[in-house]
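# Secondary and tertiary structure notes
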Amino acid sequence: MAKEPDGRNYFGTDQIGRDVLSRVIHGSRTSLTVAFAAVLLGTTLGALWGLMSGYFGGRVDIVSQRLIEFLQSFPDLILAMAIAMALGAGTGTVIVAIAITRIPFGGRIIRSVVLSLKEMSYVEAARGLGASHLRLMFRHILPQCVAPYLILATAHLGVAIIIEAALGFLGVGVPPPTPTWGNMLADSLNAGLIPPWWLVLFPGLAITITVLAFNLLGDGIRDMLDPR
């Protein structure tokens, strides 16, 4: 029987007597690990994709942009849920599913940066001196993409946390008994027709505060790296 918050259990207990505070704290490790890994993987792959697409242009750019548009035609949650259901439950599966939804955004943003950078005079000078395509891409162009990459990654951390929580709530995320904020919200539905307020409030509050914090962090990094 779920018990309300008191002096012993500050966030109360769930329907089988587990302390909600300890589960929220432990669940943060899983939720944040999935979010960081998914954003790092997805944004990095998207950035490399955008670098290649913007640098080579022509037919390579046309084909890659059509693939990105295909991925963007699906809502993020629907695409992640379909991938997670196809690959099976597990932490690695959730990371891959969320990462795939982040690839198009990284590809689009970095491509737009590369299109302007590859026409810069220092890139033309390096090309005139006989620099290879790989040297031009990774030595002269890619370092200038670090600032938009960091802004994009921090801005997407909040989105990744929401998607992970939604997948957990729908039952296709990290499987129990590993606690995550999403499956804690799903477990609250098992406590009755009207779930106890503390089983909904505290995991939801953890998601809200964390997403807000990462969004503010992304805005701060953008203002710091791009004063204009």
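Here is a short report on the structure shown in this document.

Cut-offs and rules
Per-chain numbering applies: the sequence of each chain, read as written, is numbered from 1 onward. Since the coordinates come from a predicted model, pLDDT governs what is reported: local features require at least 70, and pairs of side-chain atoms require 80 or more to be given and counted, while whole-chain, interface and lining totals use all residues. Processing note: side-chain calculations cover all non-hydrogen atoms of the structure and skip hydrogens and water entirely. In DSSP terms, a helix is any run of H or I states spanning at least four residues, a strand is any run of E spanning at least two, and both are numbered starting from the N terminus. Partly exposed residues are those whose accessible area sits between 20% and 50% of the maximum for their type, while under 20% is buried and over 50% is exposed, using a 1.4 Å probe and protein chains only. Here, two residues are considered to be in contact whenever any of their heavy atoms come within 4.5 Å of each other. Surface accessibility in these figures is a Shrake-Rupley result with a 1.4 Å probe; residues are shielded only by whichever protein chains are displayed. For the charge count, each Lys or Arg is scored as positive and each Asp or Glu as negative, with His and the chain ends excluded. Lysine's charge is taken at NZ, arginine's at CZ, aspartate's at CG and glutamate's at CD.

### Description of the overall build of the protein
- When you go through the protein residue by residue, the secondary structure sums to nine helices and zero strands.
- Secondary structure of the protein in N-to-C order comes out as α-α-α-α-α-α-α-α-α.
- For the protein, the spread of C-alpha atoms along the three principal axes comes to 75 × 40 × 20 Å.
- Looking at the 228 residues of the protein, the share that counts as buried comes to 45%.
- Counted over contacts in the protein with a minimum sequence separation of 6, partners at least 24 positions apart contribute 71%.
- When the accessible surface of the protein is totalled, it reaches about 11,900 Å², and 69% of it is carbon and sulfur.
- Charge centroids of the protein, computed over 16 positive and 14 negative side chains, lie 9 Å from each other.

### Looking at the side chain of Ser-188
- Structurally, Ser-188 is set in helix α8 (residues 181–188).
- Since its relative accessible area comes to 2%, Ser-188 is described here as buried.
- In this structure, Ser-188 is in contact with Pro-195, Leu-199 and Val-200, ignoring residues within four places of it in sequence.

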